[in-house]
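Close look at the chain arrangement
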Amino acid sequence: MSGMKQALPNGPLSVILIQVQYSPIVQIKEYIPAFQDNVRKNGYPLYTPMETEIVRVGRHGEPEKEVFEQWVFSAADTQQTIILDSEKITYQVFDVQSYSFDTFLQEFISIVSGLDEIVDISVVSRLGLRYINSIQEKDDASWKKLIAKEFQGPSFPDNILWLEKELNSFSMQKGVFLKDININSNFKLLLSQNPVGLKYPQGIQRFPNNEPEFFESGSKVTFLDLDHFVVFSAAPKLEVLNRLSSIFKALHSVIEDVFFESVITAEAKKLWQ
């Protein structure tokens, strides 16, 4: 997407998520028909309501069951999905090679504007942009040659007979001052691995059937997850929604710089060209 797409047309980018969180809308269910009609007319005809039972700790420490509701709106090919609940709206795109960042961002801003017209968002609490790369392990393209050593996690002694198949992980989080827009943000990088060929890390929802997708059974996959977000202390919506474009472009710029300048190797850039 944007520079990523142009520089690495065969790169490992597998899904992009962008999100706005807002103060809870308790009666969100009442607005779903109007929102569904709006997005249906704008390219998201598939509709899936979802209910998940979650357990919370009550006032006196007792477990309490609660139903968490979400509503999912997808494009006909299910490659673009809107996920809505009482506190946030998330837009995710899987056909990343056919999208530019500007197109992706403007589509999301349009979706958020449509939601705001219907529900009248009061306060924005968080904005987030997340890029997930899925690197399939191959004999001629090991992840250790594609990811800089600084992000490969700790090394253990070779003289020990380890019984389990090696899986590596690495995580870090840093604060960022976005000078051009005068906002503090948080950048998080997570590297994790899956031994059975899953295309996406846990928590990524594919609709309509939400079944796991695989590269091929038994292949190791390295997930490189870059998440950049801004947390607000009850910011009035106009202070944020009017600046969505500049804020998300700043978040994207940091993700792109970290990915190209720090995380991947020169061999990776050559392979994914």
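Right above here is the structure, for reference.
As the structure is a prediction and not an experimental result, all values here were calculated from the model.

Conventions we followed
Residues numbered from 1 in each chain as written. Predicted model: local features only at pLDDT ≥ 70, side-chain atom pairs only at ≥ 80, totals over all residues. Heavy atoms only, no water. 1 Å grid on protein atoms, 1.4 Å probe; cavity = no way out; pocket = protein on both sides within 12 Å on 5 of 7 lines; lining within 4 Å. Points joined across faces, edges and corners; volume = space filled by probe spheres on them. Nonpolar A, V, L, I, M, F, W, Y, C, P; charged D, E, K, R; others polar. Salt bridge = Lys/Arg side-chain N within 4 Å of Asp/Glu carboxyl O. Helix = DSSP H or I, 4+ residues; strand = E, 2+ residues; numbered from the N terminus. Buried < 20%, exposed > 50% of the residue type's maximum accessible area, 1.4 Å probe, protein only. Contact = heavy atoms within 4.5 Å.

**Regarding the layout of surface pockets**
Using a probe with the size of a water molecule, rolled over the atoms, empty space left in the structure can be pinpointed. Of the volumes computed, that of the largest pocket is approximately 460 Å³. If you go around the largest pocket, you meet 15 residues; those closest to its centre are P154, F156, E166, L167 and N168. Along the lines of polarity and charge, the residues of the lining of the largest pocket split into 5 nonpolar, 5 polar and 5 charged.

**Quick word on the pattern of salt bridges**
In total, this model carries 10 salt bridges according to the counting rule given. One salt bridge in this structure joins E69 and K29, with 3.2 Å as the shortest N-O distance. Here E69 is found in strand 3 (residues 63–74), whereas its partner K29 is found in the loop between strand 1 (13–22) and helix 2 (32–40), with 40 residues between them in sequence. On the basis of relative accessible area, E69 is assigned to the partly exposed category, the value being 23%. The partner of K237 in a salt bridge is D120, with the nearest N and O atoms 2.6 Å apart. Here the residue K237 occupies a position in helix 5 (residues 237–241), and D120 occupies one in the loop between helix 3 (101–119) and strand 6 (123–136), the gap between them amounting to 117 residues. Looking at K237, the relative accessible area reads 15%, which means it is buried. Each of D37, R40 and K41 takes part in salt bridges that share partners, so that together they form one network.

**A short note on the side chain of Q136**
Looking at the secondary structure, you find Q136 in strand 6. Overall, the relative accessible area of 17% leaves Q136 in the buried class. In this structure Q136 touches A141, F215, E216, S219 and K220, once residues within four positions along its chain are discounted.

These values are about where atoms sit, not about what they do.
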